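# Architecture at a glance
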Amino acid sequence: MRSAMLEALGLSTEDAATAVPVKPVVWTSEEWVAYFEHNATNLMPIPWGAGAGATREELAEIIESLRAWQLGETSDGARLTRAAERHAAQTYDPAYVEAIRRFIAEEQRHGEMLGRFLDLAGVPRKGRDWGDSIFRLFRHLRLRMEVWTTVVVMVEVHAMLYYAAVRRATGSAVLRRICHQILRDEVPHLRFQCERLAIIHRNRGHALRALTMGVQRVLFAGVTLAIWAGHRRALRAGGLTFRRFWGGAWAQMGKAWRAMDPRGYTWPKGRGG
């Protein structure tokens, strides 16, 4: 893998020790469509035939949280698609709409996997949740990709901690594999959304970027507290105290903020918003 990456950059193995670090290039929307197409055909096998496989004690700690999180993964994406169409028209990037559609499809697949686990466990799926309602309302306040994408990045940062905790909290082979698949998907999801924010922020001055980051930090603190309030029992079952959850969330979001900084990329002519 390392040799292939060096070759793609035009470097030999010997060059690597002395080469100046190369900044990554933001993927085009067409490249993201190709990624999502590939990922959809390379999923991890899930041992559905094993049944739910979770003990009553495990379910008592995590099931209400899973029901709420499953609901949050099931949006039809209609508003997001309209926002993407508007953004794509403004940035002359029609392929972005298809990339967003495929992103939505992956999130819906996550919701369906979690729903299928709930079915195996004999637990009804949830039709309404206060936390999910708040996040949906916030995303719908303004039909702008920057607002929607920022909220999604924050939620997905917490999802990385959440699914890792749930995986530790259960011995269910099915649920552990579902969590593993979702975690594997979330890494490129974060890159996809952070790259889009880097494109949006690219032509902003330093002062406006600093103001944007300040607002995001306040929002992130609120999101972190809300997720802890709604899911603390499951997070604790997975070994996360509030202190560990808070620190882990800010550490992961720090990586996301670096990934959405336009100064961290090489910008070839013709790419970007």
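Up top you'll find the structure we're talking about.
Residues numbered from 1 in each chain as written. Predicted model: local features only at pLDDT ≥ 70, side-chain atom pairs only at ≥ 80, totals over all residues. Heavy atoms only, no water.

### A closer look at the packing of aromatic side chains
One pass over the structure, following the stated rule, counts 20 aromatic pairs. Consider the rings of Phe220 and Trp250, whose centres lie 4.9 Å apart with planes at 85 degrees: the pair is edge-to-face. In this pair, Phe220 sits in helix 10 (residues 206–237) while Trp250 sits in helix 11 (residues 242–259), placing the two residues 30 residues apart along the sequence. For Trp250, a relative accessible area of 23% corresponds to the partly exposed category. Over the ring of Tyr96 we find Arg196, and its NZ or CZ is 4.0 Å from the ring centre. Of note, Arg217 hangs over the ring of Trp257, and the distance from its end group to the ring centre comes to 4.3 Å. (Phe/Tyr/Trp six-rings, centres within 6.5 Å; stacked < 30°, edge-to-face > 60°. Helix = DSSP H or I, 4+ residues; strand = E, 2+ residues; numbered from the N terminus. Buried < 20%, exposed > 50% of the residue type's maximum accessible area, 1.4 Å probe, protein only. Lys NZ or Arg CZ within 6 Å of the ring centre and 35° of its normal.)

### Notes on the environment of Gly53
Within the element layout of this structure, Gly53 appears in the loop between helix 3 (29–40) and helix 4 (56–72). By relative accessible area, Gly53 is classed as exposed at 53%. Separated by 64 residues in sequence, Gly53 and Phe117 place their C-alpha atoms 9.7 Å apart. Setting aside its immediate chain neighbours within four residues, Gly53 contacts Gly171 and Ser172. (Contact = heavy atoms within 4.5 Å.)

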